[in-house]
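# Breakdown of the fold
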Amino acid sequence: MSVSAHLSRHMSSVQSYRERLATLQGAWDTLSLLSQLSGDGTDMGGTRQAFEKLTAELLSNLAAETHRKALLGLKARAQIAIDIMVRNLFERTADIGFLATDEDIRAYVVARAGLSAEDADAALRSLDDGLRARFREYVAKYSVYHDVILIAPDGQVLLRLDETLPLVQSRDPLIAATLTTREGYVETFRRSDLVPRQARGLIYSYRVSDNGRPIGVLCLCFRFDDEVARIFAKLQEDSDWTLFALLDARGEVIASSDRWQLPPGAPLTLALQEDGDITRFAGREYIASTRPAQGYQGYQGPGWYGQAMIPAEHAFNRRLEDSAARVSQQLLEQLRDSSAIFSDELRRIPRQADTIQRELNRTVWNSNVRLGQRSGQNDNFAKVMLWEIGNAGRRTQETFDRSILDLQETVISSIFDDAELLAALAVDVLDRNLYERANDCRWWALDRTFAQALQNEIPPERATAVLRHINGLYTVYHNIVLFDVHKRIVAVSNPESAGLVGTSISSDWVGRTLALRGTQEYAISAFEPSSLYADRPTLTFGAVIRGNGGRTLGGIGVVFDSQPQFAAMLRDSLPRTESGAITAGSIGLFVDPEMRVIAATTQYQPGDILPLSRDVLRQNLHQGNRAEARATIVTLNDMTYAVGVRGTTGYREYRGMSAFGVILFPLGPAMAQVEATPRVARHNAQRHGTRRQDMIDIATFRCVDQRLGIVRDQVVEAVDGDRLRSVPGSPSWHAGLLMYRDLPVPVIDLARLLGKSPHATVGDVIITRLPGDRCVGLLIHELGDIPEVSPDRLLPFAERGGQRAGPQIIDRAVRPEAPDDPVLFVVNLEQLILYTQPAATTT
């Protein structure tokens, strides 16, 4: 048994259809038996078997797609959980590498080692207060850390930000590893005596050196529990039973969204299969997905996994009506044959259902024709049986139509969910990235080297060296510039911009930077072309640099390398196939509130106006959580897309840049507006009692949107029009020839003859009887019922007010029995043949 089949008992929609179709199957079994007793010549065995086979196929696909939708949601959110964490930790590896080279930290260790015993206490307090204040400034900006620790090579804790913890002699092996590593950092996640209040701590460490000699170890203690709680909260929806976790390489839980259901340290089986599997944990079945990190700029993280899992009994709680509200019938009509959305198997199901229903309609219609033509017979039982068969077929068709619609809605709503989730991912990554940029500029502005260079205490080359060292660690920047109080550039990190030294910056953000009052403040430019970025649009963050007494000396500007960085964020947010490849034709964008493009993965350039209504953005201006987001459908450049939109909300202290993430998921080429094809209303007008001798039977059918009919005695039978062959050089209304009983029968396309647009698919052909044992076929779109009509309801009808010259093709209309009933027009077969001669009768 497949996983989907095993889980189908938890799918209320599948079970509902299973029960309904089982009831109908029982009715078919009964009708099949009774039809053999009716003597109407109707054999229901083949139809019953076809419906039975299609029922099994439909239920199997509905279960598989329902399971697939739930699994794709889990996979996407598990991937986001681990990738967001890895991106965050990448920044931490750069932080420790730069902070360990801080001159104040080096000077503290050297000065402490040189203290004499006589003045040790007072001097040490002064040194401690000064460096602890610097640590406090650092954590005020980089709020992802809860402690900063400086350790001597022998393990003695020299100073830490958290004064509530004692200065101990640490025995943690990370100290020795840090002193000897050839890497740029040491990453430690486990229990440590450096963080005694935590079961496990995430610590980044690097050695502090003096003239190349290790003199200490610096540790940054990451707010791990706080960060995972933020990540999981972004992924969790209201009333959501999904559990999120980070797992180590052995599958043990590192952190989870619910420690009572999924406690840290609990072992889990890694659910790495692409098609999903059932995970059993604590006596319960879960659908689960485990995703490895995709890595970021060469950093793969600590080797952890993201895990998302949901109890099987709650995995399919989302009602299909929620999806139906966003998927119109018209859209489904347009997309039902889209190979980009639906597999061959899914597209085949509605075609099979339509074919079976057409064959059933044709069988019942022909049986009614034959029944009325049996000389001297009035078989009321057979007529009632045929009516019941037709009614059972309609009920079955309606059930199939609804279940197929639900199946298609399930597939498309999965795309909507994906677009919404990925748009949320894009802006979350954007907010987190720019949060780091605001931190960087404020911290680097406190580096004493820059203040010294601006006061001419050291040559500017020293500042240039520090800027280049920073830029080497923080590769997200195109350039870092140091400027004085006159807005003149003193030093740059990018050698290609060396020619800018000595020039002035006229941008607005520089003046705002020099006017900043405190060390927690920063300025940010508009997203606009900058001479510091080769006149391309970007963001520049600025922070003021002050000297002794708080005098403003100048500032530092960090020029974000927006083009590749935004592109990477958007590329990582694009939808992907089950194999991991980016979905062909998908587009990711950042836009401002005016729909002006900030960045895009393809086609659009910064500054372009995305040709979509701003209403797409307005519905996301005040999102409280992802569950409130709404994807919608748009047409852009002759393509139909599902579009997910999410506005920035900021991260921690950073409030965001007032932008939107837009994810466009291709649904297929833009199509003309179509209406759902109406089915013929089959009125229960056939009387099942004694027939009046003067009644006329009218065999009805639909021609495009028109209900037509011909006298039943003129009908031989209806056949499938699939084998119709065109005749070169014939009039447009001449549909071609159809072999019937080994003879070629000419076929008239009534739609074209009546000046209507032809139907997209070939319908049925009604074989009619002409004098002299000749036949002619009528190509129609759908068969109707065969009502008994009283002659006094047949009213003369003059086409176009009687102004038309030549034979009257339609010469009578049937007066409706009820005001809302459609008018039935009767085709005059003799006049039709006269009008179309000689082409229609040429064989």
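I will try to describe carefully the structure that is included in this document. Since the model is a prediction, treat every value here as computed from it, not as a measurement. Throughout, residues of each chain are indexed from 1 in the direction in which the sequence is written. Local features are withheld for residues below a pLDDT of 70 in this predicted model, meaning they are given only at 70 or higher, and side-chain atom pairs are given and counted only at 80 or more; totals for whole chains, interfaces and linings count all residues. Only hydrogens and water are set aside; all other atoms, that is, all heavy atoms of the structure, feed into the side-chain values.

This brings us to the overall build of the protein chain. The helix count covers DSSP runs of H or I at least four residues long, the strand count covers runs of E at least two residues long, and both are numbered beginning at the N terminus. Secondary structure summary: the protein chain contains 18 helices and 34 strands in total. A buried classification covers 54% of the 843 residues belonging to the protein chain. Counting only contacts in the protein chain whose residues sit at least 6 apart along the sequence, the fraction spanning at least 24 positions is 64%. Accessible surface area values rest on a Shrake-Rupley calculation with a 1.4 Å probe, where residue burial reflects the displayed protein chains alone. Put simply, the protein chain shows about 36400 Å² of open surface, and 50% of that area lies on carbon and sulfur atoms. Using a 1.4 Å probe on the protein chains alone, a residue whose accessible area is under 20% of its type maximum counts as buried, one over 50% counts as exposed, and one in between counts as partly exposed. It only takes one pair of heavy atoms within 4.5 Å for two residues to be counted as in contact.

On to the sheet that holds strand β8 (residues 277–281), then. Only strands that DSSP links by at least two bridges are regarded as paired with each other. Strand order across the open sheet formed by five strands is β7-β6-β10-β9-β8, with antiparallel pairing between neighbours. Looking along the sheet, the strands with just one partner apiece sit at the ends: β7 (253–256) and β8. Taking the axes of each pair of neighbouring strands and ignoring which way they run, one obtains an average angle of 35° across the sheet. Relative to strand β10 (residues 305–311), strand β9 (residues 284–292) runs antiparallel, the two being bridged by seven bridges. Residue pairing in the sheet places A288 in a bridge with M309 of β10. Here an axis means a line fitted to C-alpha atoms, over the contact stretch when the element is a helix, while the angle between two N-to-C directions is reported on a 0 to 180 degree scale.

Attention now moves to the packing of aromatic side chains. Here is the rule: rings of Phe, Tyr and Trp (six-membered ring for Trp) pair when centre to centre is within 6.5 Å. Planes less than 30 degrees apart are stacked, more than 60 are edge-to-face, and the remainder are tilted. By the definition in use, this model includes 19 aromatic pairs. Each ring, one from F566 and one from F590, has its centre 5.7 Å from the other, and the planes form 70°; the classification is edge-to-face. Here F566 is found in helix α15 (residues 562–572), whereas its partner F590 is found in strand β18 (residues 587–591), with 24 residues between them in sequence. Comparing F566 with F590, the two get one shared label, buried. One aromatic cluster is present, formed by F98, W444, Y474 and Y477 through successive ring pairs. The residue whose ring lies beneath R536 is Y533, and the NZ or CZ to ring-centre distance is 3.9 Å. Two conditions define a charge sitting above a ring: the NZ of Lys or the CZ of Arg must be within 6 Å of the ring centre, and it must be within 35 degrees of the ring normal.

So, on to the pattern of salt bridges. In the sections that follow, a salt bridge refers to a side-chain nitrogen of Lys or Arg positioned within 4 Å of a carboxyl oxygen of Asp or Glu. Enumeration over the complete set of coordinates arrives at 44 salt bridges. For E91, the salt bridge is made with R437, and the minimal N-O distance between the two is 3.1 Å. Here E91, found in helix α3 (residues 45–99), pairs with R437, found in helix α11 (residues 380–444); they are 346 residues apart in sequence, far enough to count as distant. Considered together, E91 and R437 belong to a single accessibility category, that of buried residues. Each of the salt bridges in this network shares a partner with another, and the network as a whole consists of D226, E227, R230, D428, R432 and R652.

On to the side chain of S143. When you line up the elements, S143 lands in the loop between α5 (120–141) and β1 (145–151). Residue classification places S143 among the buried residues on the basis of a relative accessible area of 10%. As used in this structure description, the phrase polar contact means that two N or O atoms lie within 3.5 Å; if the pair is within protein, one of them must be able to donate a hydrogen and the other to accept it, and residues adjacent in sequence are counted only when both atoms belong to side chains. Looking at S143, its side chain comes within polar contact range of the side chain of Y435, at 2.9 Å. Look past the residues within four positions of S143 in its chain and what remains in contact with it is R223, Y435, R652 and E653.

This part is about helix α7 (residues 224–235). Along an α-helix, residues three or four apart share an orientation, since each turn contains 3.6 residues. Expected span, for any helix, means 1.5 Å times one less than how many residues it has. For α7, spanning 12 residues, the distance from its first C-alpha to its last is 17 Å, which sits close to the expected 16 Å at 1.5 Å a residue. Taken as a whole, α7 has its buried residues at F224, E227, V228, I231, F232 and L235. Looking straight down α7, one finds that the buried residues subtend no more than 130° of arc, so they occupy a single side. Exposed positions of α7 whose direction lies more than 90 degrees from the buried face are D225 and A233. Read the arc as the range of directions from the helix axis to the C-beta atoms.

Taken together, the five strands give an open sheet; going across it, the order is β19-β18-β22-β21-β20, and neighbouring strands pair in antiparallel fashion. At either end of the open sheet lies a strand with only one pairing partner, and these are β19 (597–600) and β20 (632–636). In this sheet, adjacent strand axes meet at a mean angle of 30° when their direction is disregarded. Inspection of the sheet shows strand β21 (residues 639–647) paired to strand β22 (residues 660–669) by nine bridges, in the antiparallel sense. Counted as the bridge partner of M639 is P669 from β22. Running at roughly 130° to β18, α15 makes contact with β18 and β19 of the sheet.

A few words now on the nonpolar core. A general feature of soluble globular proteins is that nonpolar side chains tend to end up buried together. Among the buried residues, those of types Ala, Val, Leu, Ile, Met, Phe, Trp, Tyr and Cys that are joined through side-chain atoms within 4.5 Å form a nonpolar core. Among the nonpolar cores identified, the biggest contains 143 residues, and L218, F224, W304, W444, F450 and L482 are the most heavily contacted of them. Residues in contact with F224, not counting those within four places in the same chain, are M85, F189, L202, L246, I254, A255 and W304. Ranked by size, the runner-up nonpolar core spans 29 residues in total, among them I766, I786, I809 and A813.

For residues that are not glycine, phi is negative in most cases, and the peptide bond is trans in most cases. Despite not being glycine, Q603 has its phi angle at roughly 75°, a positive value. Counting through the fold element by element, Q603 comes out in the loop between β19 and α16 (615–618). In this structure Q603 comes out as partly exposed when scored by relative accessible area, which is 48%. Despite not being glycine, S658 has its phi angle at roughly 55°, a positive value. Residue S658 is classed as partly exposed on the basis of its relative accessible area of 47%.

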